[in-house]
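# Structural overview
Residues per chain are reported as follows:
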Amino acid sequence: MKIWAVANQKGGVGKTTTSVSLAGHLAREGKRVLLVDLDPHGSMTVYFGMEPEAPGASVYSLFKAAAEGQPLDPTRVVHPTAFEGISLMPASTALATLDRQLGMRDGMGLVLKRSIDRIRDDYDCVLIDCPPILGVTMVNALALAEFLIVPVQTEFLALKGLERMLRTLAMVQRSRRQRLEYVILPTMFDRRTRASHDTLRILHDRYHDDVWTDVIPIDTQFREASRQGKPLPLIQPDARGSEAYKQFLHWLETHVDGEAKAPAAELDASGARLQESR
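This structure is a prediction, so every number in the text was calculated from the model and none was measured. (Residues numbered from 1 in each chain as written. Predicted model: local features only at pLDDT ≥ 70, side-chain atom pairs only at ≥ 80, totals over all residues. Heavy atoms only, no water.)

This next bit is on the state of the cysteines. Counting across every chain of the model gives zero disulfides. With no disulfide of its own, C125 lies 13 Å from the sulfur of C130, the closest cysteine sulfur. (Disulfide = S-S within 2.5 Å.)

Encoded structure:
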């Protein structure tokens with residue numbers, strides 16, 4: 001099973017679009033995909049027609065149960081979507097209170113990893129949509145992930161979010177004692193604007209081989225797919241954005257080694273250390 005986290009410490013850079021689009025292409029390939037929404041805003045949860053404010057099992061339930069010493073069967077948190085091959089662990093707005101309520105308790109850094117390990121055989125790929133802030137959910141995602149995708153909108157303000165994200169990644173890697181491989185994914189590229197071209201040049205100048213060689217273009221069809229609550233590759237596989245994510249998925253499948261593992265005992269300590277460093 002492949003486990004990919006999608007994260008950046010800036011909102012609006014295409015994290016949810018990236019997660020949903022990759023899931024759509026994987027489902028088209030006949031793969032079993034589990035999407036995990038860790039953002040209290042619940043954009044991906046809403047995308048698939050669920051409400052983060054609604055009662056019921058969510059990712060937050062896993063953390064609450066773990067804190068109470070009663071680990072929850074993760075299958076109770078998995079919800080089917082309207083699309084064959086795509087399941088979802090929805091977010092809850094209660095995730096916004098997680099750091100204050102439970103974040104510093106022992107074992108909180110590995111809640112998600114322990115849960116996903118119990119259903120590892122049920123899926124071919126897990127995609128984790130992370131919140132744009134450093135906290136216990138981000139720690140969990142980076143502890144679990146075998147590869148990190150960092151979407152970066154091709155505009156200057158997004159570069160600051162990337163710098164923060166890479167500092168967070170460096171801290172996690174010290175805890176893992178093993179490199180968490182990543183790729184910077186240029187998103188929302190508008191070939192008509194100088195800002196997009198200049199930002200893309202800066203990304204390649206600063207980060208070299210850590211940047212994907214192509215881009216995800218601006219495509220208004222992403223907005224329409226979101227309005228319909230459907231992954232763009234499942235309704236318009238030939239759209240510019242769909243084609244770009246298809247090429248990116250091909251790159252992931254041919255360049256990423258999904259077998260890398262990090263020592264769980266080391267990762268468990270990372271939660272407190274990262275929390276203290278914020």
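Our next topic: the sheet that holds strand β3 (residues 79–80). Note on sheets: strands pair through backbone hydrogen bonds, and any given pair is parallel or antiparallel. The strand order β3-β4-β2-β5-β1-β6-β7 describes an open sheet built from seven strands, whose pairing is mixed. Looking at which strands have only one partner, the edges of the open sheet turn out to be β3 and β7 (182–187). Here strand β1 (residues 2–6) pairs with strand β6 (residues 147–153) via three bridges, running parallel. What sits directly across from W4, in β6, is F147. Where helix α11 (residues 240–255) meets the sheet, it contacts β1, β6 and β7, and its direction lies at approximately 170° from that of β7. (Pairing = 2+ DSSP bridges. Helix = DSSP H or I, 4+ residues; strand = E, 2+ residues; numbered from the N terminus. Contact = heavy atoms within 4.5 Å. Axes fitted to C-alpha atoms, helices over the stretch in contact; angles between N-to-C directions.)

As a further point, take the nonpolar core. For soluble globular proteins, nonpolar side chains are generally found buried alongside one another. Grouped together as the largest cluster of nonpolar side chains are 53 residues, with contacts concentrated most on L34, V36, M89, I116, I128 and L148. With seven residues, the top contributor of residues to this core is helix α7 (residues 158–176). Formed by 35 residues, the second largest nonpolar core is a distinct cluster that contains V6, A23, W212 and A239. (Core = buried A, V, L, I, M, F, W, Y, C linked by side-chain atoms within 4.5 Å. Buried < 20%, exposed > 50% of the residue type's maximum accessible area, 1.4 Å probe, protein only.)

Following the criterion strictly, the structure yields six aromatic pairs and no others. Between Y47 and F48, the ring centres sit 5.5 Å apart and the planes meet at 45°, which makes this aromatic pair tilted. One exposure class covers both Y47 and F48, and it is buried. Centroid distance F147 to W251: 6.3 Å. Interplanar angle 55°. Geometry classified as tilted. Residue F147 is found in strand β6, and its partner W251 is found in helix α11; the two are separated by 104 residues along the sequence. Overall, F147 belongs to the buried group, its relative accessible area being 5%. Here the aromatic cluster, defined as three or more aromatic residues joined through ring pairs, consists of F147, W212, F248 and W251. (Phe/Tyr/Trp six-rings, centres within 6.5 Å; stacked < 30°, edge-to-face > 60°.)

Take the pairing of strand β4 (residues 86–89) next. Burial along β4 is two-sided: I86 and L88 and S87 and M89, pointing in opposite directions, are all buried. Pairing of strand β2 (residues 33–37) with β4, which is carried by four bridges, proceeds in the parallel orientation. Bridge pairing in β4 links V33 to I86. Counting the residues between successive antiparallel strands, the hairpin from β3 to β4 contains five residues, one of them, G85, with a positive phi of roughly 90°.

This part covers α11. Three or four residues apart is the spacing at which side chains of an α-helix point the same way, because the helix has 3.6 residues per turn. If you check α11, its first and last C-alpha atoms are 23 Å apart, about what 16 residues at 1.5 Å a residue would give, namely 22 Å. Of the residues making up α11, those classed as buried are G241, S242, A244, Y245, F248, L249, W251 and L252. Against β1, α1 (15–28), β6, β7, α9 (220–228) and α10 (232–235) lie the buried residues of α11. (Expected span 1.5 Å × (residues − 1).)

Per-residue pLDDT for the protein chain has a mean of 89; in total, 91% of the residues score no lower than 70. The low-confidence segment residues 259–278 (pLDDT under 50) makes 42 contacts with residues lying over four places distant or belonging to another chain. (pLDDT = per-residue confidence, 0-100.)

Axis separation between α1 and α11 bottoms out at 9 Å; the angle between their running directions is 75°. With respect to α11, the axis of α1 lies roughly perpendicular. Taking contact as the criterion, the partners of T17, T18, S21, L22, H25 and L26 in α1 are, on α11, S242, Y245, K246, F248, L249, L252 and E253. Of the residues in the contact of α1 with α11, the class split is six nonpolar, five polar and two charged. (Parallel < 35°, antiparallel > 145°, perpendicular 65-115°, else oblique. Nonpolar A, V, L, I, M, F, W, Y, C, P; charged D, E, K, R; others polar.)

Further remarks concern the pattern of salt bridges. Oppositely charged side chains may form a pair once their charged atoms are brought near each other. In total, this model carries 16 salt bridges according to the counting rule given. In this structure, R227 engages E224 in a salt bridge whose closest nitrogen and oxygen atoms are separated by 2.6 Å. Here the residue R227 and the residue E224 both occupy positions in helix α9, the gap between them amounting to three residues, near one helical turn. (Salt bridge = Lys/Arg side-chain N within 4 Å of Asp/Glu carboxyl O.)

With respect to the helices and strands, D124 occurs in the loop between α5 (111–117) and β5 (125–129). On the basis of relative accessible area, D124 is assigned to the partly exposed category, the value being 27%. The spatial distance from the C-alpha of D124 to the C-alpha of L26 is 9.1 Å, given a sequence separation of 98 residues. At a separation of 2.8 Å, a polar atom in the side chain of D124 contacts the main-chain amide nitrogen of R32. (Polar contact = N/O pair within 3.5 Å; in protein donor to acceptor, adjacent residues only side chain to side chain.)

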